[in-house]
Structures are given as structure tokens and as C-alpha cells.
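Below, each chain spelled out in residue letters.
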Amino acid sequence: MTAMKNFLWIIVIVLCSCKKGSVEMQSSEIGIDPSTNINALNRAIQLKGHFEEGTFPTKAVGAPVNIQLVANQDTIEIGNETRAFIPLSIPDQGFLKLCGMNMKVVGATGYWDVATINDSVSSDYFVEVTLPNLIKSGYIRVTFSAKLCFNGQSIVTDTASVVLSVRPSLPCGSSITGRNGLTIRKIDMDNKKGKVKLSFITYGIGDRMDVKYNGEYVLSTCDFPKKGQYPKCNSPAECFPITGQTYKYYYLNYDPAVSRFIEVYVLGWCDNPNTGWIVTVDCPE
Amino acid sequence: MARCLSIFFLVSLFYLCNSQLVLAQKKGSSKKKPAPKSVSKPSKPAAKSESNSSPAPSGQIMKLIYGDVFVGPSMNFASGDYIDYQKLYYGTSNSNFSISGTFKNQTFFTAGAQARVFPFRKPESPLSAISFTAGLSFLRKGFTHEVLLVNTSLDYKDETHLKEEFDASFLASHVMVRYGKRLYAEAGISIDWFLSGVRNQELLRKSSGANAYQGPFETTANVDYNLTTKTMNSQSLGWVFGVGYQITDMFGARFFNNLNSGFFKDSKLQNYQPSLQITVSFP
């Protein structure tokens, strides 16, 4: 009996020593939750960069020069696994040269020294990011600061923030709606080979749509963006077709053997917040 | 709260066993005489037949109730829609990534105690080999999921490893019917009560190679999520079954299995947990 008693006490001790976590799990779904695991999120964003464990560089207190970094989009709706370009500009750069761009998820530890792509036409800077499937749907606020250099000296700009709204892929036959700003969604086109019809409704104010398939732009309401360029707000007005036509149909050939997904990029007219649009992607026929 | 309840059950079980055993022993040893009406009469041939069966020592009256404790390693095999769905993860549409992953089974330890009642005490009857068992055991269930994402669009090596480990503790209360004395088989149902658990998420990101942007780096992030009844079923009904061999009157070994599909509330995950146990019987 004593042995049994001791045995039961051992079980009681085992029960009492159960491990406890620090954050409550919200869903059993595997992946990184943008709201509860921001440190992993900060490190999981796919981009060309170098991760630094230190403090995020910000403008020094009392810095003699105050240079703004401007995020050209407040919010970007982005589908998992789609490549998003975050447009940034430095209006008062003057003779200073960009020598570094820093990025981090707000609230996380560490930051990225991230590679930028300089747009040859607009002199905007783009940071390319992809949010892999490992990241669950949700909102991610990222902040940027730029390092500007001249004659071996450097200053850091003010910070600029962008909200990335991460959305899962949609099945074909779905409609996407939006307003101004950038929306990037991935559409699962199913297994049937055929022609895909896309309808683009722009209402009264023109918006821009580009479609990527197998990593290439295959459809655009404007000229295809050249290498190193991205669809952007300050494109010529003809990129935003409003000539009395509020909707248009587009077609593309789809083969599941090439890729099962298409990526739809829509740029709502940036200067007019009253814009609205609908893209419907039919299943292949 | 659940933990306190389980401790209470466990301690209660122990005292119940203790008191019942004492009672049974008293009944058995006070008279080497006819047993109560409800129980079969002991007789010489009966005593002989019981000497072949493990729990009742030779020449004694078969006890009404026995207490067992058991302990041993167990392995958890997770399967079901939840796992199948996660495997879709590895099919990436992005030609710039390669994703691979694995699910690994976990090895744990299980322990518990049970009371066994022999309702048919006529030793010559084949029914005397039937006993009913009620008990509690401590179980841990879980699995490990590892994903490796490689960014192939860069001219250097860039890898993201995500490791997720689920480890949940349960108090399983089982009711079984057992047939056989020295060699036996048993089966029944079990209600597994969720006690607590942790989901550990560990991310490792590293870049390497001569072209690594601003040089190679390695960084990690780790978080422990507390599993609660918000996402876990507080209790779930499952099956238990096993076979065992009573080596001596006191010691035995059994292969015991717990099958339960109520793990997550929002997704179907089935856990099959076989365990190899040492049993200690207390007549």
C-alpha cells in the first residue's frame, strides 16, 4: 500500500509540474500568428536583407537635418506567397545618397537592413517582400527608416509605416473589391486547363490592374512594368482607363501544369480616395 | 481548476482502492467459510483453479477487488484531417521558394492506477476470468511539425526553419472489461480530460554564402503558447484496449492503447497512443 501511495504522489507531482506557456493559443492552425508572435514574424518575412539584433535606427534626437521618408501606400493588401513591392520616397533627399534602408515589424525585436530597388523613372525606392504561407492571415505594421550618406557621414530619416494586410488565396470564381491603394491577391485556378475571363469594374474613377502568372506579367491595363519597375500610382493617366467605360473583360490562357495560381495586382487611383473597383476571376473554361 | 480536479480524482481513487482492499481482505480472511450469498462459495477445487490465476494466491478466496498501478513509455501517433491539411503547406505556388516539412511522433511517459472488480467469483466458471476495471491515468499527447522554407530567388542561401511542438497533458479515466487472468485482453472506453499544454514555436532564419547581403546571419525567435480549452476539447471520448501478461501475482506487463480523436476543437486530429507498461497489482 505504501508503494501505491508513493506512486500516486509521484503522479500528483507530475501533474503539478505541467508546463505553461506565456501566450494563449488562438487557433490550432500551424503557422506564425501576426498578432501573437511578432518576433518570429519579423524574421520570417522573405526579402533580400541582413537581420540585425540591435535597436532599430531612428532619427537622432536634435538632428540638424530633418528628412522625411514617405511610404507611398498606407495599406497594402497582400496574399500569401505573392511578391509585394512597398514604394517609398524621400522628397527632400538633396545631395544625400541613400546608403541603407531599415525595416522591422512594429513591436518586434531586431530589424532588417534591407536591399532597395531604385525605380529609374520616378526615383522612388521599392522594397520587395513576400509573405510565405508560414505567416497566417492578419495585419502587420512595418516601419522603415532610411540611412542617407554624404562624404562619409550619415543621417537617419524619420520613420514611415505601412500596414500589410495578409489574406489567404482565393478560389477561382471569386471577386475582389477594393478602394485606393495597392491590393495583391493570389487566386487558385483549380486543375482545369483553359481560358480565364477576368472582369474589371472601375466605376467612375479609373484604376490600374496587372496580372502575374508564373512570375511574369501577362496582363495589364497599362504597359507591362519593365524589369526593376512596378505598377505605381504616378503612372500616366492612360494607365487608369476611365474613358466612359466602367468595366472591361480580359482573357488569359491558363495551364495548371505551368502554375496553379495567378496573382492580381490592383492599384486604386492613389490621389482619389473615392475610387472603388471589383475584379472577378472566373474559373478556366 | 482541471488540474486540481484531476488531483482530487486521483487521490480519491487511491483512498477508494485502499478502503475497498482492506474491506475485501477483511471479508476474505475473517472466515475461511462460505462467502456471502452474492458471491460464489469457495471450495477446494475452486481454490485450486484460482491458484492458476494470477491475482488470487493459491488456496485463498478470490478477492472481489484489486488495485493496479501501471507505468511505462508511450508513443503518440497523430493523424487525421489536421495533419493532411498541413501537408498542403508544402505545395508552394511560388517558384522562388521550396518548402518541405515533416511531422514527427512524440515519445512520452504514461502512468496511472485502476481498481479491478471480479463480479463472478465462482472460480470454476469461465465467467470468473471477467473483471471490470475503472481507473485514471496521466497521458501526454503531441507531435512536432517542422517546415523548411528556402528562398531560391537569391544568389545566396537563405533558409527559414519553423518548428512547432504540441505537448498536451490529459487525465484519462477509463472503464474496461478484461478477460483472462494470467494472460488477458481488455477493452473499453476512456474519457480524456485536458489538463494543460504548451505549443512551442521556434523560428530560425539564416543566410549564408559569399554573396549574402551584408554578410551571413542567423537569428531565432521562440514563443510558448498556452493551450487552453478555447482551442482544446476539455474532454473527449475515446477507446482503450490492450493485452497483458501477469508474470507474478504482483508484477505484469501489458501493451495498452488509447485512441482518441478529440484533441483540437476546431480541427480533427486523431491520436493513437500505444504504451508498453509495467503493472503492479495489489491484492
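Residues numbered from 1 in each chain as written. Chains lettered and ligands numbered in written order. Predicted model: local features only at pLDDT ≥ 70, side-chain atom pairs only at ≥ 80, totals over all residues.

## Things to note about the overall build of chain A
Stage number 1. When helices and strands are counted, chain A shows 2 helices and 21 strands.
Stage number 2. Within the span of chain A, comprising 285 residues, buried residues form 40% of the whole.
Stage number 3. A sequence separation of at least 24 residues applies to 76% of the contacts in chain A between residues at least 6 apart. (Helix = DSSP H or I, 4+ residues; strand = E, 2+ residues; numbered from the N terminus. Buried ≥ 20, exposed ≤ 12 C-beta atoms within 10 Å, placed from the backbone. Contact = placed C-beta atoms within 7 Å.)

## Observations concerning the overall build of chain B
Stage number 1. Secondary structure summary: chain B contains 3 helices and 9 strands in total.
Stage number 2. Listed by position from the N terminus, the elements making up chain B come as α-α-β-α-β-β-β-β-β-β-β-β.
Stage number 3. Taken across its 283 residues, chain B has 39% of its residues classed as buried.
Stage number 4. Across chain B, every contact between residues at least 6 apart in sequence was considered, and the portion connecting residues at least 24 apart equals 71%.

## Section: the sheet that holds strand β14 (residues 175–178) of chain A
Residues and elements named next belong to chain A.
Stage number 1. Taken together, 4 strands build an open sheet; the order of strands is β14-β21-β16-β19 and the sheet is antiparallel. With partners counted over all chains shown, the strands left at the sheet margins are β14 and β19 (247–254), one partner each. Each adjacent strand pair in this sheet contributes to an overall mean axis angle of 15 degrees, direction not counted.
Stage number 2. In terms of strand pairing, strand β16 (residues 194–201) meets β19 through 8 bridges, oriented antiparallel. The residue of β19 that forms the bridge with Leu198 is Tyr250. (Pairing = 2+ DSSP bridges. Axes fitted to C-alpha atoms, helices over the stretch in contact; angles between N-to-C directions.)

## As for unusual backbone geometry
Trans peptide bonds make up the majority, and among non-glycine residues the majority have a negative phi.
Stage number 1. The backbone of Glu81 of chain A sits at a positive phi, close to 70 degrees, despite the residue not being glycine.
Stage number 2. With respect to the helices, strands and loops of the structure, Glu81 of chain A is situated in the loop between β4 (75–79) and β5 (83–89).

## Thoughts on the nonpolar core
Stage number 1. If you look at the biggest cluster of nonpolar residues, it comprises 66 residues, and the most contacted ones within it are Ile86, Val127, Phe144 and Val264 of chain A.
Stage number 2. Take this core: its biggest share by element is 6 residues, from strand β20 (residues 261–268) of chain A.
Stage number 3. Residues from two domains meet in this core; each of domain 1 (38–166) and domain 2 (169–281) of chain A gives at least three.
Stage number 4. In contact with Phe144 of chain A, other than residues within four places in its own chain, are Leu69, Ala71, Leu88, Met101, Asn102, Met103, Thr159 and Ala160 of chain A.
Stage number 5. Core analysis: the second largest hydrophobic core is formed by 26 residues, Ala111, Ala168, Phe170 and Leu269 of chain B among them. (Core = buried A, V, L, I, M, F, W, Y, C linked by C-beta atoms within 7 Å. Domains from an automatic or database assignment.)

## Some details on the domain arrangement of chain A
Residue and element names in this part refer to chain A.
Stage number 1. Looking at the assigned domains, one finds that chain A contains domain 1 (38–166) and domain 2 (169–281).
Stage number 2. Relative placement of domain 1 and domain 2: their C-alpha centres are 25 Å apart.
Stage number 3. Of all the secondary-structure elements, those providing two or more residues to the side of domain 1 that touches domain 2 are β4 and β5.
Stage number 4. Across the side of domain 1 that touches domain 2, the residue classes tally to 8 nonpolar, 8 polar and 5 charged. (Nonpolar A, V, L, I, M, F, W, Y, C, P; charged D, E, K, R; others polar.)

## Overview of the confidence of the model for chain A
Stage number 1. When pLDDT is averaged along chain A, the result is 83; 84% of the residues meet or exceed 70.
Stage number 2. Confidence, read as mean pLDDT per element, is least for helix α1 (residues 2–16) of chain A in chain A (61) and greatest for strand β7 (residues 111–114) of chain A (96). (pLDDT = per-residue confidence, 0-100.)

## Points about the environment of Leu139 of chain B
Residue and element names in this part refer to chain B.
Stage number 1. With respect to the secondary-structure elements, Leu139 resides in strand β3 (residues 130–151).
Stage number 2. A count of 25 C-beta atoms within 10 Å places Leu139 in the buried class.
Stage number 3. Along the sequence, Leu139 and Phe108 sit 31 residues apart, while their C-alpha atoms lie 8.0 Å from each other.
Stage number 4. For Leu139, the contacting residues outside a window of four places in its chain are Thr110, Phe170, Ala172, Asp192, Asn258 and Gln273.

## Topic: the pairing of strand β15 (residues 181–188) of chain A
Residues and elements named next belong to chain A.
Stage number 1. Within β15, 7 of the 8 residues are buried, which leaves the element mostly enclosed by the surrounding structure.
Stage number 2. Here β4 pairs with β15 via 3 bridges, running parallel. Directly across from Ile76, in β15, lies its bridge partner Leu182.
Stage number 3. Relative to β15, strand β13 (residues 170–171) runs parallel, the two sharing 2 bridges. The residue of β15 that forms the bridge with Leu170 is Ile187.
Stage number 4. Sheet topology places β15 next to β20; 8 bridges connect them, and they run antiparallel. Residue pairing for β20: Ile187 is matched across the bridge by Ile262.

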